[in-house]
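Each chain, letter by letter, is given below.
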Amino acid sequence: MAKSGLAARLYRGEADLNIVGRRNLWFGVAGVLVVVAVLSFAISGFKLGIEFAGGNSFQVPASVGTLDRAEQVVDEVLADEAAGVEVVSAQKVGGTSGEFYEMRTGQLSAEQANAAKTAMAQEFGIPADQISGSQVSEAWGSQVTSRAFLGLLIFIAVVSIYLVLRFEWRMAVAAIVSLLTNLVLTAGIYSLIGFEVTPSTIIGFLTILGFALYDVVVVFDKVQENTRGITANNNMTYGEASNLALNQSLMRSLNTSVVALLPVGGLLFIGAGLLGAGTLKDLGLVLFVGMAVAFLTSIMLATPLLVLMKNMDPRISAHNKRVLSRRAAIARGEITPKGPRAAAPAADAPIDPESAALAGAAPKVGARPAGKRPSGARGGRPAGGGGNRPGGKRR
């Protein structure tokens, strides 16, 4: 019984999940999520860190008390010294001189920053030189953003060239659309929930592109293997062969994603959450969200989009029509099936991978069609030989 469970069938590539056949559903869901993300960009925007929005940073020794107490004191000081400015983020950071709390605030003038620093020292009861402060201009963040966009464009260009050379241009288009959708959805989650965008976030965005690309290439490699020479037989449509490839590589993609998410989850929830290593939070958060979204887009979007474009190819379209016509003829009894695979499923329906191994089954995808051999004992040669052979009878 356990051998027929979903996990066992996933491991053997026999889950028969009709992913490609339901591509309209996945396209609709992806479209709605992209629209929600874009609307969130326009309405809510992003919660930018001081590196992008500009602001001030104060570092207070952790010996003054808890982080919540320190944040409350700084907020009270800012309310007196710079009305309207408050603490944007607070985290515990470790350094060579010990642990301290880093308080990031809105933009302050030099006079306001000095006055706030003096007031904090009085409230905490520590010397003023134990509190350090710095000011960050938004110009630095704009430089980081422009360079990140430049890196993204270069990455997409190089990846497109590789995919065109390794596979074909349709696979390159499907992969790039999947990558861009992954970025938009991840950014939409940041905008909707209000996660702070920092330089570490930008680095994380560029990092998840490589992971998403790896997952897509693994699936496309199996699709290419299953569809090589597919027009030479009338057993499966292109969509069915691609869906079979998805089922065969689904467990590998799932294992890769889980193995990648476990250390990132430990980095995020244990390092940043339990141990209070705030510097790990920004990078770990975008990696965790981006990798999870990348797994879904590589399975639900990339291959179905590829099938949609391939079905527009006249050669593939004609092949699909031949497959469906043959099945209709079998259903009407006009053609006698040669094996158990004759009663083929509907177009783009999942294929039973075990049935191809049965005796008398239809040829595998990519196999050459079987032709008739000439009659005779050895492919058309006369039974009696023809030519002098040792031991033969002479006339």
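Use the structure listed above.
All values derive from a computational prediction rather than experimental measurement.

### Observations concerning the packing of aromatic side chains
Phase 1 of the analysis: Counted by the stated rule, this structure contains 4 aromatic pairs.
Phase 2 of the analysis: For the pair Phe167 and Phe220, a centre-to-centre distance of 6.4 Å together with 80° between the ring planes defines the contact as edge-to-face. Here Phe167, found in the loop between α6 (138-166) and α7 (169-193), pairs with Phe220, found in helix α8 (residues 199-227); they are 53 residues apart in sequence, far enough to count as distant. The two residues Phe167 and Phe220 agree in class, both being buried.
Phase 3 of the analysis: Counting every residue linked through ring pairs, the aromatic cluster contains Tyr190, Phe195 and Phe205.

### Section: the environment of Val197
Phase 1 of the analysis: The residue Val197 is located in strand β6 (residues 196-197) in this model.
Phase 2 of the analysis: Separated by 85 residues in the primary sequence, Val197 and Asp282 place their C-alpha atoms 7.7 Å from one another.
Phase 3 of the analysis: Sequence-distant contacts of Val197, defined by excluding residues within four places in its chain, comprise Phe46, Lys47, Leu48, Gly49, Phe52, Tyr190 and Ile202.

### Re the nonpolar core
Phase 1 of the analysis: Of all hydrophobic cores here, the largest spans 59 residues; its most connected members are Leu163 and Phe220.
Phase 2 of the analysis: Those elements that place two or more of their residues in this core are α6, α7, α8, α9 (238-274) and α10 (281-310).
Phase 3 of the analysis: Ranked by residue count, the leading element in this core is α10, at 14 residues.
Phase 4 of the analysis: Counting 22 residues, the second-largest nonpolar core is a separate cluster that includes Val60, Val74, Val85 and Val87.

Calculation criteria
Residues numbered from 1 in each chain as written. Predicted model: local features only at pLDDT ≥ 70, side-chain atom pairs only at ≥ 80, totals over all residues. Heavy atoms only, no water. Phe/Tyr/Trp six-rings, centres within 6.5 Å; stacked < 30°, edge-to-face > 60°. Helix = DSSP H or I, 4+ residues; strand = E, 2+ residues; numbered from the N terminus. Buried < 20%, exposed > 50% of the residue type's maximum accessible area, 1.4 Å probe, protein only. Contact = heavy atoms within 4.5 Å. Core = buried A, V, L, I, M, F, W, Y, C linked by side-chain atoms within 4.5 Å.

Structural measurements only, silent on function.
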